[in-house]
Amino acid sequence: MQLKKYRWKNRLIVVDTPSYKNEDYLKTKKIYEKNIKRFHKRFIKLISNRNKDNKFKINLIGFDGLIKKKFNILEPEEIFKIVDKMPLGKIM
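Remember, it's a predicted structure, so these values are computed and weren't measured experimentally. (Residues numbered from 1 in each chain as written. Predicted model: local features only at pLDDT ≥ 70, side-chain atom pairs only at ≥ 80, totals over all residues. Heavy atoms only, no water.)

**Section: the side chain of Arg 11**
Put simply, the rule is: Put simply, DSSP H or I for four residues or longer makes a helix, DSSP E for two residues or longer makes a strand, and each gets a number counted from the N terminus. Exposed residues in this analysis have more than 50% of their type's maximum accessible area, buried residues have under 20%, and partly exposed residues fall in between, with area computed by a 1.4 Å probe over protein chains only. Counted as positive: Lys and Arg. Counted as negative: Asp and Glu, with His and the chain ends omitted from the count. Salt bridge criterion: a side-chain nitrogen from Lys or Arg within 4 Å of a carboxyl oxygen from Asp or Glu. Polar contact is defined as a pair of N or O atoms within 3.5 Å, subject to the rule that within protein one atom must be able to donate a hydrogen and the other to accept it, and that residues adjacent in sequence are counted only when both atoms are side-chain atoms.
When you line up the elements, Arg 11 lands in strand E1 (residues 11-17). Buried and without a salt bridge, Arg 11 has Asp 84 as its closest oppositely charged side chain, separated by 6.9 Å. For Arg 11, the side chain forms a polar contact with the main-chain oxygen of Arg 42, separated by 2.7 Å.

Next up, the structure:
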């Protein structure tokens, strides 16, 4: 998966899932869509990575391309706290 094109432009929530029909994946997508304006305000995009060998997991990746935190479930408030404390925080 090529994530370099997002470096210094967006933060990412990368969701590794064994299937797009996975229950955890569907919940995560629903939570993201419910809070999409708040995520976009912080330049956070959701990227899905389907691979049958993957277990479900969520990684928060910063502008610098490094993993900042790993999650088992998407917790918007926790992510917003982490992002708002980052050096570039809420840019606008």
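Let us keep going from here.
**Regarding the packing of aromatic side chains**
Operational definition: Classification of ring pairs uses Phe, Tyr and Trp, with its six-membered ring standing for Trp, and accepts pairs whose centres are within 6.5 Å; under 30 degrees between planes counts as stacked, over 60 as edge-to-face, and the remaining range as tilted. Two thresholds decide whether a charge sits over a ring: the Lys NZ or Arg CZ must be within 6 Å of the ring centre and within 35 degrees of the ring normal.
Per the stated rule, a full pass over the model turns up four aromatic pairs. Their ring planes at 50 degrees and their centres at 6.5 Å tell us that Phe 43 and Phe 63 sit as a pair that is tilted. Within this pair, whereas Phe 43 is found in the loop between helix H2 (36-41) and strand E2 (44-50), its partner Phe 63 is found in the loop between strand E3 (57-61) and strand E4 (67-71), the two being separated by 20 residues in sequence. Of the aromatic side chains, those joined through ring pairs into one cluster are Tyr 32, Phe 39 and Phe 80. Above the face of the Phe 80 ring, Arg 42 is positioned so that its terminal group lies 4.2 Å from the ring centre.

**Some words on helix H3 (residues 76-85)**
The line we're drawing: Arc definition: it is the arc formed by the directions from the helix axis to the C-beta atoms. Any pair of residues with heavy atoms lying within 4.5 Å of one another is described as a contacting pair.
Those residues of H3 that fall on the buried side of the exposure criterion are Pro 76, Ile 79, Phe 80 and Val 83. The arc that holds every buried residue of H3, seen down its axis, measures 100 degrees, which confines them to one face. Facing away from the buried side of H3, by more than 90 degrees, are the exposed residues Lys 81 and Lys 85. Those residues of H3 hidden inside the fold are in contact with E1, helix H1 (23-34), H2, E2, E3 and E4.

**Quick notes on H1**
Definition in use: A helix is expected to reach a length of 1.5 Å times the quantity of its residues less one.
Taking 1.5 Å per residue, twelve residues should reach 16 Å; H1 reaches 17 Å between its end C-alpha atoms and fits that length. Within the sequence span of H1, burial applies to Tyr 25, Thr 28 and Tyr 32. Across the axial projection of H1, the buried residues extend over an arc of 65 degrees, all falling on one side. Opposite its buried face, H1 presents the exposed residues Glu 23, Lys 30 and Lys 34, each directed more than 90 degrees away. The inward-facing, buried residues of H1 contact E1, H2, E2 and E3. For H1, the capping residue at the N-terminal end is Asn 22, with a side-chain oxygen 2.7 Å from the backbone nitrogen of Asp 24.

**Section: unusual backbone geometry**
Across the chain, the bulk of peptide bonds are trans and the bulk of non-glycine residues have phi less than zero. Positive phi, normally seen in glycine, also occurs at Trp 8, with a value near 65 degrees. On the basis of relative accessibility, which here comes to 58%, the residue Trp 8 falls in the exposed class. Positive phi is not limited to glycine here, since Phe 43 has a value of about 60 degrees.

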